[in-house]
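Descriptive structure summary
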Amino acid sequence: MSHWSFLKTDLNEQQDLYVDCRSQTQYQESTIKGAYYFPFVKKAFASDPDSFKKLLGPIEEILSLAKKENKSRIIVFDEGMGMFAARLTLLLRAAGFQNTFILGQRWPVENSKEKGSKELDIGPSPKIRKLEGIIDKAFLEKNLTRLQIFDTRTPEEYDGKLPRLTAPEPGSLCGRLPGAFLWDWRMLYDANGELVDKTFFNKKLRGFPFMPERTTVIYDYNGARSSLLALMLKEVGYNDVNVYVGSWFEWRKSNLPKQAVSIYGQTGAGATAPRVGGVDRKG
């Protein structure tokens, strides 16, 4: 166990609301007794008002369930401390429910199992509310040159060779946000698939020219892989940590500056990178 405080291994059916972030098929086959399933956690969202309302709807429903069922903690889990559990944990904490934790065990866990039957696909929220540490494209556009930025995708995505890690589509734009530094999300785990301990994490963190007191922004393709790094940075003393909810999913479609730009699947003369803003530089 890597002693991160956002991980919990103890389960208490009386005080815990469980949310399963694995696949729908896995949930239906077997889940922790009483666990809910919300498919939104695996979707990509832009950061415009309508998209943000779609993100907020399920979050508010989870908070409502916790209140209705008189639960003092929310425990989120997937196959094992992965990106989707981290994403939902970060979002619920951003909405004000700080007693949200990732289950610090790999599936299956020693607990009562049952076939999942609480699937909730909730519509958008009627209004927007602020989520602490979740930022939109407008914030980035306004402050881009003053931010320290982590890209938590893979080197292939960062270098503009792949638009996304899974199921890349030919014709998609590859690239990265200007000035971003790469922290491959897979390096947050050790060889056994456990989260690295704080000593190792801090040692790697010192290799970046970043300062804990400066505003830090993290992004990936859809805001999932970046959430785990955000939780870790907050715990080791970074004061102003933000996840860009739209991530590359949204940024690639804008006319805002980009680096390492290419079109996936194109070769030869037709593969010339499109004209975009910004200056390509190492980083």
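Residues numbered from 1 in each chain as written. Predicted model: local features only at pLDDT ≥ 70, side-chain atom pairs only at ≥ 80, totals over all residues. Heavy atoms only, no water.

**A few points about the nonpolar core**
Formed by 58 residues in total, the largest nonpolar core has its most connected members in Phe40 and Phe201. Elements represented by at least two residues in this core include exactly β2 (16–20), α2 (49–68), β5 (73–77), α3 (83–94), α6 (198–205), α7 (225–235) and β13 (240–244). For this core, the domains that each give at least three residues are domain 1 (7–114) and domain 2 (134–264). In contact with Phe40, not counting residues within four places along its chain, are Phe45, Leu55, Pro58, Ile59, Ile62, Arg87, Leu88 and Leu91. Leu173, Leu177, Ala180 and Ile263 belong to the second-largest nonpolar core, a separate cluster that totals 19 residues. (Core = buried A, V, L, I, M, F, W, Y, C linked by side-chain atoms within 4.5 Å. Buried < 20%, exposed > 50% of the residue type's maximum accessible area, 1.4 Å probe, protein only. Helix = DSSP H or I, 4+ residues; strand = E, 2+ residues; numbered from the N terminus. Domains from an automatic or database assignment. Contact = heavy atoms within 4.5 Å.)

**Focus on the pattern of salt bridges**
Per the stated rule, a full pass over the model turns up nine salt bridges. Asp151 is the partner of Arg153 in a salt bridge, and the nearest nitrogen-oxygen pair spans 2.7 Å. Here Arg153 matches Asp151 in class, with each residue buried. Note that Lys198 and Glu235 form a salt bridge whose closest N and O atoms lie 2.8 Å from each other. Of this pair, Lys198 sits in helix α6 while Glu235 sits in helix α7, placing them 37 residues apart in sequence. With relative accessibility at 23%, the residue Glu235 sits in the partly exposed group. Residues joined in a network through salt bridges with shared partners are Asp10, Asp16 and Arg73. (Salt bridge = Lys/Arg side-chain N within 4 Å of Asp/Glu carboxyl O.)

**Some points on the domain arrangement of the protein**
Per the domain assignment, the segments of the protein are domain 1 (7–114) and domain 2 (134–264). The gap between the C-alpha centroids of domain 1 and domain 2 is 23 Å. Each side of the interface is counted separately: domain 1 has 24 residues, and domain 2 has 24 residues. Carbon and sulfur atoms make up 70% of the surface buried where domain 1 meets domain 2, a total of about 1,700 Å² over both sides. Of all residues in domain 1, Ser47, Met83 and Leu90 give up the largest surface area on contact with domain 2, accounting jointly for 33% of the area buried on that side. Counting every contact that joins domain 1 to domain 2 gives zero salt bridges. Summed over the shared surface of domain 1 and domain 2, the result is five residue pairs in polar contact (both at pLDDT 80 or more). Looking at the side of domain 1 that touches domain 2 element by element, the count peaks at nine residues for α3. The residue inventory of the side of domain 1 that touches domain 2, partitioned by class, reads 14 nonpolar, four polar and six charged. (Buried area = accessible area lost by both parts, 1.4 Å probe. Polar contact = N/O pair within 3.5 Å; in protein donor to acceptor, adjacent residues only side chain to side chain. Nonpolar A, V, L, I, M, F, W, Y, C, P; charged D, E, K, R; others polar.)

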